[in-house]
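Letter by letter, the chains look like this.
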Amino acid sequence: MKELEERIAKDGKCFPGGVLKVDNFINHQMDSELMFRCAAEFMRLFADMKIDKILTVEASGIAPAVFAGYLMRVPVVFAKKAVPKTMETAYVTTVHSFTKGKDSTVFVSKEYLLPGERCLVIDDFLACGNASVGLADLCRQAGAEVAGLGFLVEKAFQGGRQAIARVLPGVRVESLAVIASLDDGRIVFAH
Ligand code: 5GP
């Protein structure tokens, strides 16, 4: 998606370890109009699929996910990183956080992920694929299905697409901007 690539090129900043900072339009301040247009692009890319629900993980996936849910007229569920007292039973999995360098446990209430549901996973970044594999595990526990996965930004050099293919062979993965390299502080897109 040209508009997203242009914004990344203009405002993205490279950090050591292959991390891209996009705090001024995705991860801290959010450009809601751009997020809406990204969601419209997800809707177009997955238009031929039956989707019952959008699944993401807090916090940065929520903005594109909720706009996609609005446009596709389906509910949006986000996996939580802490269990509220009100959550009675939950599916639980462990996800290694790429940016924080530590494991965290994520939860989805059994009320909101149901057997047979076809879920579209949406997240801000695809790096090593840990968050996606964790969400796929929650779906597996629920007897739900991952119908597809959509990312705003994929860092193709970190192997996330391959990690997803190992647990979800044949499932469609769409990324709106694909980065081939962040070496030497330069953002290089894959085309
Ligand atoms: P993965 O689980 O695919 O290894 O990493 C994806 C998750 O880590 C995303 O949910 C995102 O929050 C975070 N992440 C991974 N790489 C980056 C990055 O370069 N920049 C930012 N801002 N977040 C990232």
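Refer to the structure presented above.
What counts, and where the lines are drawn
- Residues numbered from 1 in each chain as written.
- Predicted model: local features only at pLDDT ≥ 70, side-chain atom pairs only at ≥ 80, totals over all residues.
- Heavy atoms only, no water.
- Core = buried A, V, L, I, M, F, W, Y, C linked by side-chain atoms within 4.5 Å.
- Buried < 20%, exposed > 50% of the residue type's maximum accessible area, 1.4 Å probe, protein only.
- Helix = DSSP H or I, 4+ residues; strand = E, 2+ residues; numbered from the N terminus.
- Contact = heavy atoms within 4.5 Å.
- 1 Å grid on protein atoms, 1.4 Å probe; cavity = no way out; pocket = protein on both sides within 12 Å on 5 of 7 lines; lining within 4 Å.
- Points joined across faces, edges and corners; volume = space filled by probe spheres on them.
- Pairing = 2+ DSSP bridges.
- Axes fitted to C-alpha atoms, helices over the stretch in contact; angles between N-to-C directions.
- Parallel < 35°, antiparallel > 145°, perpendicular 65-115°, else oblique.
- Left-handed = near helix turned anticlockwise from the far one by under 90°.
- Nonpolar A, V, L, I, M, F, W, Y, C, P; charged D, E, K, R; others polar.
- Salt bridge = Lys/Arg side-chain N within 4 Å of Asp/Glu carboxyl O.

Draft legend 1. The nonpolar core, seen in detail. Judged by nonpolar contacts, the single largest core of 32 residues is most densely connected at Leu4, Ile8, Leu20, Ile54, Leu152 and Val153. Among the secondary structure elements, those contributing two or more residues to this core are α1 (2–11), α2 (23–27), α3 (32–45), α4 (62–72), β7 (118–126), β8 (145–155) and β9 (172–181). For this core, the element with the most residues is α3, which contributes six residues. Discounting chain neighbours no more than four positions away, the residues touching leucine 20 are Ile8, Gly12, Lys13, Cys14, Phe125, Val153, Ile179, Leu182 and Ile187.

Draft legend 2. Expanded view of the layout of surface pockets. Within this model, the largest pocket holds a volume of roughly 810 Å³. If you trace the largest pocket, you find 35 residues lining it, with Lys81, Ser97, Phe98, Thr99 and Asp124 closest to the centre. Among the secondary structure elements, those contributing two or more residues to the lining of the largest pocket are β2 (19–21), α2, β5 (90–96), β6 (103–109), β7, α5 (130–142) and β8. The leading source of residues in the lining of the largest pocket is α5, at five residues.

Draft legend 3. Structural view of the sheet that holds β9. Ordered by their spatial adjacency, six strands build an open sheet running β4-β3-β7-β8-β9-β10, and the pairing between neighbours is mixed. Two strands lie at the open edges of the sheet, namely β4 (76–79) and β10 (188–189), each paired on one side alone. As defined by bridge partners, strand β3 (residues 53–57) adjoins β4 across four bridges and the pair is classed as parallel. Paired with valine 57 across the bridge in β4 is alanine 79.

Draft legend 4. A look at unusual backbone geometry. Here the residue pair glutamate 58 and alanine 59 is connected by a cis peptide bond, since its omega of 5° sits within 30 degrees of zero. Tracing the chain through its elements places alanine 59 in the loop between β3 and α4. One non-glycine residue with positive phi stands out, namely arginine 73, at about 60°. With respect to the helices, strands and loops of the structure, arginine 73 is situated in the loop between α4 and β4. Note on arginine 73: relative accessible area 76%, which makes it exposed. At aspartate 184, a residue that is not glycine, the phi angle is positive and equals roughly 55°.

Draft legend 5. Region of interest: the packing of α3 against α4. Two numbers describe how α3 lies on α4: the axes approach to 8 Å, and their chain directions differ by 55°. The angle between α3 and α4 places the two elements in the oblique class. Note that α3 runs across α4; the crossing there is right-handed. Note on element contacts: α4 touches α3 through Ala63, Pro64, Phe67, Ala68, Tyr70, Leu71 and Met72, opposite Ser32, Met35, Phe36, Ala39, Ala40, Phe42 and Met43. Broken down by class, the residue content of the contact of α3 with α4 amounts to 13 nonpolar, one polar and no charged.

Draft legend 6. Quick peek at the pattern of salt bridges. Under the counting rule described, the total for this entry stands at 12 salt bridges. With a shortest N-O distance of 2.7 Å, glutamate 3 and arginine 37 are connected by a salt bridge. Taken together, the residues glutamate 3 in helix α1 and arginine 37 in helix α3 connect sequence positions 34 residues apart. Ionic pairing is found between arginine 140 and aspartate 137, a salt bridge with its closest N-O pair at 2.6 Å. One end of the pair, arginine 140, and the other, aspartate 137, are both in helix α5, three residues apart, so they sit about a helical turn from each other. Residue classification places arginine 140 among the exposed residues on the basis of a relative accessible area of 57%. Connected through shared salt-bridge partners, Arg7, Lys10, Asp11 and Asp31 make up one network.

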